[in-house]
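Working through the structure, step by step
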Amino acid sequence: MSRKVHVRTFGCQMNEYDSRKMVDILRDRLGFEPTDDAAEADLILFNTCSVREKAQEKVFTDLGRVRELKAARPGVLVGVGGCVASQEGAQIVARAPHVDLVFGPQTLHRLPDLIARRVDSGQAQVDVSFPEIEKFDHLPPARAEGPTAFVSVMEGCSKYCSFCIVPYTRGEEVSRPLEDVLTEVAELAARGVREVTLLGQNVNAWRAPLDGVEEGDFTLLLECVADIPGIERIRYTTSHPREFGPRLAEAHARLPALAPHVHLPVQSGSDRILAAMKRGYTALEYRSIVRRLRSARPDISITSDFIVGFPGETEEDFERTMALAADLRFDGSFCFMYSRRPGTPAAALPDDVPDVEKRRRVQALQALVDGHAAEISRSMVGRRERVLVTGRSRRRASELAARTGNNRVVNFPGAERLVGQFIDLRITEALAHSLRGEPMTTEPACSLDEDPA
Ligand code: SAM
Ligand code: F3S
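Summarised in this report is the structure supplied together with it. (Residues numbered from 1 in each chain as written. Chains lettered and ligands numbered in written order. Predicted model: local features only at pLDDT ≥ 70, side-chain atom pairs only at ≥ 80, totals over all residues. Heavy atoms only, no water.)

On to helix α8 (residues 178–190). If you check α8, its first and last C-alpha atoms are 18 Å apart, about what 13 residues at 1.5 Å a residue would give, namely 18 Å. Inspection of α8 places L178, V181, E184, V185, L188 and A189 among the buried residues, and these make up the whole buried set. Taken around the axis of α8, the buried residues stretch over an arc of 140°, which confines them to a single face. Opposite the packed face of α8, turned more than 90 degrees from it, sit the exposed residues E179 and A190. On its buried face, α8 sits against α1 (13–30), β7 (148–152), β10 (195–199) and α9 (218–226). (Helix = DSSP H or I, 4+ residues; strand = E, 2+ residues; numbered from the N terminus. Expected span 1.5 Å × (residues − 1). Buried < 20%, exposed > 50% of the residue type's maximum accessible area, 1.4 Å probe, protein only. Arc of directions from axis to C-beta. Contact = heavy atoms within 4.5 Å.)

Put into structure tokens, the structure is as follows:
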């Protein structure tokens with residue numbers, strides 16, 4: 001019987017991607033099968049997030065629970081990967097001695113070796129180094145499960161926003177070579193993938209040497225991916241405003257495959273706070289990127305991230321954030337309360353906005369943006385939408401689920417054979433977290449030999 005691995009993922013889409021790759025590697029190299037049930041697993045992996053304190057502490061609480069599982073079945077191995085592992089390294093084993101493996105986001109491909117060394121030596125193994133792009137070279141070929149897939153195009157972040165731990169846990173920006181990305185996308189397309197999401201912590205910071213003189217930018221990468229036969233829709237996340245030049249905005253007018261959706265974190269509407277965050281743009285510059293995107297693609301949906309309660313954020317600063325959100329009418333957002341991260345520059349500043357005030361601000365901002373997103377959903381009712389049918393509906397097994405260009409789920413009655421295809425739906429209803437639709441047929445309403453009168 002094959003051994004089983006259970007992976008518990010915290011945090012961002014990069015971690016979701018890495019978790020899938022861990023399973024692929026362990027399956028390919030050691031024959032492990034994934035399981036959702038930690039109690040039956042031979043190997044339990046935590047892929048952790050340290051971007052906010054809460055997420056980090058949750059890892060240690062959950063690790064405590066696994067200790068009992070391990071006490072009952074001593075052969076079980078426990079591993080901690082991701083950003084908490086990268087930050088804490090061997091400290092994790094000191095705090096939770098039942099942990100056998102500690103590996104970072106850039107060393108997950110070494111998991112089989114770490115397991116072998118753990119078994120041979122009986123000692124916990126820690127490897128949280130940053131061996132540049134080596135990770136990509138050691139990953140098994142892309143697997144496709146359905147018509148959509150994620151493709152990582154760059155790793156790490158060199159922006160060093162003053163509040164953020166990511167540059168320290170994932171290392172500096174490293175781009176994956178152009179040919180490698182294109183080969184992976186082409187392989188996925190050959191296996192039926194119709195929509196790819198290009199992933200990176202700062203995806204539009206992707207760069208590649210072209211001919212020794214020129215450098216290729218992210219827009220060039222998008223153009224190349226759009227040329228791959230079979231790829232009908234391209235998404236990318238997360239983009240950074242500092243790298244969002246006019247060429248990228250204009251690509252949304254030129255490349256029909258580009259989904260009409262961009263996630264573009266703004267963090268704050270106050271220039272004073274943006275400067276203290278070291279974001280590298282002003283609120284006006286951010287607004288002009290949005291204007292350019294909307295003139296390139298009038299139906300584009302823009303979502304964002306915000307942090308409220310950054311050190312020194314006054315009521316007036318917050319009002320500027322509310323004004324920016326009111327003006328730009330985002331189609332969704334993640335609003336976070338500032339969380340002090342030891343080791344970041346902002347950690348030296350007094351965390352002086354009281355928790356109750358942070359909570360009030362986050363609720364007010366989230367409610368404003370959610371209101372806009374709901375209005376956008378309602379405005380879609382009656383509209384014709386090009387959607388990718390992704391599988392059976394989670395709500396009703398007799399129905400199918402699809403994704404709109406602006407990243408909403410639509411449930412509709414339809415035949416199984418439509419899965420994996422782009423079709424046109426008419427939106428009939430907007431619900432809180434999804435839409436309902438009905439297929440639009442391009443066939444004539446009545447057969448030709450009927451008398452239309
Ligand atoms: N690369 C993305 C960008 O362009 O900004 C951000 C990636 S970060 C992992 C995801 C989000 O977490 C950020 O956009 C920010 O809103 C939030 N975040 C990061 N550090 C935080 C902190 N110390 N406290 C609260 N939220 C934080
Ligand atoms: Fe973090 Fe800023 Fe990079 S939010 S991931 S340091 S762009």
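Turning our eyes to something else, we now look at the site of ligand 1. The environment of ligand 1 is formed by 18 residues, the closest being Q201, Q267, R279, D305 and S339. Q267 is positioned with one of its side-chain polar atoms (N or O) 2.7 Å from an oxygen atom of ligand 1. R279 is positioned with one of its side-chain polar atoms (N or O) 2.9 Å from an oxygen atom of ligand 1. For ligand 1, the protein covers 92% of the area, taking 560 Å² as the surface of the free molecule. Residues belonging to the shell around ligand 1 are distributed by class as follows: 8 nonpolar, 6 polar and 4 charged. (Near = heavy atom within 4 Å. Polar contact = N/O pair within 3.5 Å; in protein donor to acceptor, adjacent residues only side chain to side chain. Areas by Shrake-Rupley, 256 points an atom, 1.4 Å probe, with all protein chains shown as cover. Nonpolar A, V, L, I, M, F, W, Y, C, P; charged D, E, K, R; others polar.)

This part is about the sheet that holds strand β14 (residues 261–263). Sheet architecture is open: 3 strands sit in the order β14-β15-β16, paired in parallel fashion. Each of the sheet's edge strands pairs with one partner strand only, and the pair in question is β14 and β16 (333–337). In this sheet, neighbouring strand axes are inclined to one another by 10° on average, regardless of whether the strands run parallel or antiparallel. Note that strand β15 (residues 301–308) and β16 share 5 bridges and pair parallel. Residue pairing in the sheet places I307 in a bridge with F336 of β16. (Pairing = 2+ DSSP bridges. Axes fitted to C-alpha atoms, helices over the stretch in contact; angles between N-to-C directions.)

What follows is about the pattern of salt bridges. One pass over the structure, following the stated rule, counts 42 salt bridges. Residues R297 and D299 are paired through a salt bridge, measuring 2.9 Å at the closest nitrogen-oxygen approach. Between D351 and K358 there is a salt bridge; the shortest N-O distance is 2.9 Å. Note on K358: relative accessible area 3%, which makes it buried. (Salt bridge = Lys/Arg side-chain N within 4 Å of Asp/Glu carboxyl O.)

Looking now at the sheet that holds β10. As a general point, the strands of a sheet are linked pairwise by backbone hydrogen bonds and lie either parallel or antiparallel. The strand order β7-β10-β13 describes an open sheet built from 3 strands, whose pairing is parallel. Each end of this open sheet is capped by a strand with a single partner; those strands are β7 and β13 (233–237). On average, adjacent strands in this sheet sit at an angle of 25° to one another, irrespective of strand direction. As defined by bridge partners, β10 adjoins β13 across 5 bridges and the pair is classed as parallel. Within β13, the position partnered with E195 by the bridge is R233. Its contacts with the sheet put α1 on β7, β10 and β13, and the angle it makes with β7 is roughly 100°.

Attention now goes to helix α5 (residues 111–121). Residues of α5 that are buried include every one of L111, P112, L114, I115 and R118, and no others. Along the axis of α5, the buried positions cluster into a sector of 165°, meaning they face one direction only. As for α5, its buried residues are in contact with α1, β3 (43–48), β4 (77–81), β5 (101–103) and β6 (125–127). Downstream of α5 by one or two residues, G122 has phi in the positive range, about 75°.

Turning our attention to the pairing of β4. Within β4, 5 of the 5 residues are buried, which leaves the element mostly enclosed by the surrounding structure. Residues L77, G79 and G81 point to one face of β4 and V78 and V80 to the other, with burial holding for every one of them. Note that β3 and β4 share 5 bridges and pair parallel. Its bridge partner lying in β4, L45 is registered against G79. At this point the chain moves from β3, through helix α2 (residues 53–72), to the parallel β4, and the crossover so formed is right-handed. Bridge count between β4 and β5: 2 bridges; the pairing is parallel. Across the sheet, V80 pairs through a bridge with V102, a residue of β5. (Right-handed = clockwise from strand over helix to strand, strands pointing away.)

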